[in-house]
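Each chain is listed here by its residues.
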Amino acid sequence: MPVGVFRVCLVVITAIINHPLLFPKENGTVPENVEEIIQKMKEREESLRLEQLRLEQEIADQEATQKALEKAAEVVEESKEERVRWDMWTALSMVIFLLIELWRQDFQEGNWQDTGGEEDDMAVLGKAFKGVAFPDKAVLASFYEKRILGTTGDMARMRELVEGFADDLLEALRSVCNRDADMEVEDCMGVGSMYENWRVRKPFVCDLIVPFAPPEPYCFRSQVWCSGDPFPPDEQGYGTVKVCRAGENVTGCICDKTKLGEDMLCLLHSQVNTTRPSSEMEDLLCFKNTQYLDANQVMKWFQIAVTKAWNRISHKYEFDLSFSLLDSPGALKIKFRSGKSIAFNLTPVVQYENSDVYFISHFPRSSLAADLPSSTHWFLTFAVYERRFIQLVSKTLPANACHVSCLQILSFLHGKQCSLTGPSGLTNYHLKTVMLHFLQARPSQDWAPEKLEARLQDMLKFLEKCLHEKKLYHFFIGNRKVPAELGFPIVFQRAEPLNLFRPFVLHRDVYRKTVDTFHEMLRNTSALINEYTVHIPLAHTNGIHKQSL
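Here we summarise the structure given alongside this text. (Residues numbered from 1 in each chain as written. Predicted model: local features only at pLDDT ≥ 70, side-chain atom pairs only at ≥ 80, totals over all residues. Heavy atoms only, no water.)

1. Description of the overall build of the chain
Argument step 1. Looking only at helices and strands, the chain features 18 helices and ten strands.
Argument step 2. With 549 residues in all, the chain has 42% of them scored as buried.
Argument step 3. Expressed as a percentage of contacts within the chain between residues at least 6 apart in sequence, the contacts between residues at least 24 apart total 71%.
Argument step 4. Element-wise, carbon and sulfur atoms account for 56% of the exposed surface of the chain, whose accessible area totals about 31,900 Å². (Helix = DSSP H or I, 4+ residues; strand = E, 2+ residues; numbered from the N terminus. Buried < 20%, exposed > 50% of the residue type's maximum accessible area, 1.4 Å probe, protein only. Contact = heavy atoms within 4.5 Å. Areas by Shrake-Rupley, 256 points an atom, 1.4 Å probe, with all protein chains shown as cover.)

2. Points about helix H9 (residues 295-313)
Each full turn of the α-helix corresponds to 3.6 residues, which orients residues three or four apart in the same direction.
Argument step 1. If you check H9, its first and last C-alpha atoms are 27 Å apart, about what 19 residues at 1.5 Å a residue would give, namely 27 Å.
Argument step 2. Buried within H9 we find Ala295, Val298, Met299, Trp301, Phe302, Gln303, Ala305, Val306, Ala309, Trp310 and Ile313.
Argument step 3. By the N-cap criterion, in which a side-chain oxygen at the helix start approaches the backbone nitrogen of a residue two or three places on, H9 is capped by Asp294, the distance to Asn296 being 3.0 Å. (Expected span 1.5 Å × (residues − 1). Polar contact = N/O pair within 3.5 Å; in protein donor to acceptor, adjacent residues only side chain to side chain.)

3. Description of the packing of aromatic side chains
Argument step 1. Going through the model one piece at a time under the given rule, you end up with 29 aromatic pairs.
Argument step 2. Between Phe165 and Phe344 the ring centres are 6.2 Å apart and the planes differ by 85°, which places this aromatic pair in the edge-to-face class. Here the residue Phe165 occupies a position in helix H5 (residues 151-176), and Phe344 occupies one in strand S8 (residues 341-351), the gap between them amounting to 179 residues. As far as burial versus exposure is concerned, Phe165 and Phe344 are alike and both buried. (Phe/Tyr/Trp six-rings, centres within 6.5 Å; stacked < 30°, edge-to-face > 60°.)

4. A closer look at the packing of helix H11 (residues 403-421) against helix H16 (residues 508-523)
Argument step 1. It is at 10 Å that the axes of H11 and H16 come closest, and there the two elements cross at 115°. By the angle between their directions, the pair H11 and H16 is classed as roughly perpendicular. Along this stretch, H11 crosses H16, giving a crossing that reads as right-handed. Here Leu413, His414, Gln417, Cys418 and Thr421 of H11 lie close against H16, whose contacting residues are Lys513, Thr517, Glu520 and Met521.
Argument step 2. For the contact of H11 with H16, the per-class residue count stands at three nonpolar, four polar and two charged. (Axes fitted to C-alpha atoms, helices over the stretch in contact; angles between N-to-C directions. Parallel < 35°, antiparallel > 145°, perpendicular 65-115°, else oblique. Left-handed = near helix turned anticlockwise from the far one by under 90°. Nonpolar A, V, L, I, M, F, W, Y, C, P; charged D, E, K, R; others polar.)

5. Quick look at the pattern of salt bridges
Argument step 1. Counting across every chain of the model gives 16 salt bridges.
Argument step 2. For the salt bridge of Asp168 with Lys316, the shortest nitrogen-to-oxygen distance reads 3.0 Å. One end of the pair, Asp168, is in helix H5; the other, Lys316, is in the loop between H9 and strand S6 (319-323), with 148 residues separating them in the sequence.
Argument step 3. Overall, Asp168 belongs to the buried group, its relative accessible area being 19%.
Argument step 4. In this structure Lys316 comes out as partly exposed when scored by relative accessible area, which is 49%.
Argument step 5. For Arg174, the salt bridge goes to Glu171, with nearest N and O atoms at 3.1 Å. Here Arg174 and its partner Glu171 are both found in helix H5, three residues apart, which amounts to about one turn of the helix.
Argument step 6. The exposure class assigned to Glu171 is partly exposed, which follows from its relative accessible area of 47%.
Argument step 7. Beyond isolated ion pairs, a larger network of salt bridges with shared partners links Arg442, Asp446, Lys451, Arg455 and Asp458. (Salt bridge = Lys/Arg side-chain N within 4 Å of Asp/Glu carboxyl O.)

6. Considerations on the side chain of Ser193
Argument step 1. Position of Ser193 among the secondary structure elements: in helix H6 (residues 193-196).
Argument step 2. Apart from the residues within four sequence positions on either side, Ser193 is in contact with Trp198 and Arg199.

7. Some points on the packing of helix H10 (residues 383-394) against helix H12 (residues 428-441)
In helix packing, the relevant descriptors are the interaxial angle and the interaxial distance, both defined with respect to the helix axes.
Argument step 1. Packing of H10 against H12 brings their axes to within 11 Å, and their N-to-C directions diverge by 40°. Looking at the two axes, H10 sits oblique to H12. Between H10 and H12 the crossing geometry is left-handed. Between H10 and H12, the contacting residues are Glu386, Phe389, Ile390 and Val393 on the first element and Tyr429, Lys432, Met435, Leu436, Leu439 and Gln440 on the second.
Argument step 2. Looking at the contact of H10 with H12 residue by residue, the classes come out as seven nonpolar, one polar and two charged.

8. Some details on the environment of Phe319
Argument step 1. One can find Phe319 in strand S6.
Argument step 2. Judged by its relative accessible area of 10%, Phe319 falls in the buried class.
Argument step 3. It is 5.6 Å that separates the C-alpha atoms of Phe319 and Lys335, two residues lying 16 residues apart in sequence.
Argument step 4. Once residues within four sequence positions are removed from consideration, Phe319 is found in contact with Phe165, Trp310, Ile334, Lys335 and Phe336.

9. Details of the nonpolar core
The tendency in soluble globular proteins is for nonpolar side chains to be buried side by side.
Argument step 1. Within the largest apolar cluster, 112 residues are counted, with the highest numbers of intra-cluster contacts made by Leu169, Leu293, Phe344, Leu346 and Phe492.
Argument step 2. Here this core spans two domains, and each of domain 1 (121-150 + 396-534) and domain 2 (151-247 + 279-381) adds at least three residues to it.
Argument step 3. Beyond its immediate stretch of four places on either side in the chain, Phe344 contacts Val162, Phe165, Val205, Cys206, Leu208, Leu321, Gly330, Ala331, Leu332 and Ile334.
Argument step 4. Membership of the second largest hydrophobic core comes to nine residues, among which are Val191, Val349, Phe379 and Ala383. (Core = buried A, V, L, I, M, F, W, Y, C linked by side-chain atoms within 4.5 Å. Domains from an automatic or database assignment.)

10. Focus: a negative patch on the surface
Argument step 1. A surface patch of negative charge is lined by Glu70, Glu74, Glu77 and Glu78.
Argument step 2. As for its placement among the helices and strands, Glu74 is situated in helix H2 (residues 30-110). (Patch = residues over 30% accessible without salt bridge, like charges linked within 9 Å, V, L, I, M, F, W, Y side chains within 5 Å. Lys, Arg positive; Asp, Glu negative; His and termini not counted. Charge placed at Lys NZ, Arg CZ, Asp CG, Glu CD.)

11. Some details on the environment of Tyr511
Argument step 1. Take Tyr511: it is sitting in helix H16.
Argument step 2. The spatial distance from the C-alpha of Tyr511 to the C-alpha of Lys470 is 8.6 Å, given a sequence separation of 41 residues.

Dropping the structure here:
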């Protein structure tokens, strides 16, 4: 303990003795050392200040970088959320699209063309039927017996005469044609109202179609609007016919589209095969500088061939033959010496693949020909299948079924009204389409002969609904309920339904005229029918009512 105290005292005494203030005169270097120290301190202070600024800048940079990273992370997070929302909307849209597609298929399969039910028929109508006095069963029966039944025998005799002469004319046509260069003509087929036994208005006109094919080694390759390649909306229902060599791909070889050098040769085609002069294709009735069959060229060829054929056989007949319409390939008229005449149409057509669907270029007595997009576009006719469908369904209907009677009365009323007020956009083919839809939708017992009045009103009401909606679907196109017995091509069953009333959407003046004519026909129905109906005594009327009940 004393040693420790001694050491402390010694340290204190030494510090006091060595303090510079106790000996100012002896230590002259103190002021210089102070200035040097101050200078060093200033320099140190300056370096520290610079270091502080550098550190502050680094901290600021780090904070800015951190903020940028945080902002980028927020953007990424927002993009993820937006992507998630977008994926949800995409999935929802796909689900909605699938539901619409399923609904559309169900609509086509289960509700192809809604013909309405008996309980809501009047709800479909507007004011057209209100106040209309519709003929009763007795008046309709008398009208049908007096005005329509009498024409059946006349139609049968006319069909027999026209078919016999047409066969003879086509045989002469084959004899005057060059079998190595001209088109090959097949036997004709009767189609339309004359062969479905529902034509009522005179003059009677038989419609015959004549399939033809190119000479060897050529063949026809057809393409329709529903075969996969996109077609504009105004070309739906049409197709094109390409003239190709047998075995040639429809798209053609690349040597047809590429200029080969003089020292290059296509290994698939010789120079003779690949060279098709324009004159050769025009001889095959193609449009200029193309391989597509031209309807106008076909019309000229057919008219010339028919003229040559008639010159060869005219000496056998005691009548004259002439063309009644020059803008139709085979609108012919037979003129007897007595002054009577018979008109018929002999129209060349092209078969679609191996079916009974045909490409037809001209429609006599209609405005369809004017609607063709070009002379290389051909309209498709399903007339052969329509005739077969009516025959097939008729086998399941009661005896003396009223389906044909309804169509005949409708056709008569429409024709009479058009003769009074002028033509409208409604045609007999539209009326026939309505009947086809009803034949498919209605059970067979609904077509019993005593239900003529009810079915006729149903068809008129349905037609008014279609006019109001501007929508009447083609019976075969898009109809997946076509009986398999017909052998109808599946490509047309799977196609989108074709609206026959689509022109009404584009031509409102024609639509208004058509609607006015239809309503006027409804108001004049009783007057038009009574005009051709024998007066029926009241007792006889009651008897007919009792028989129908």
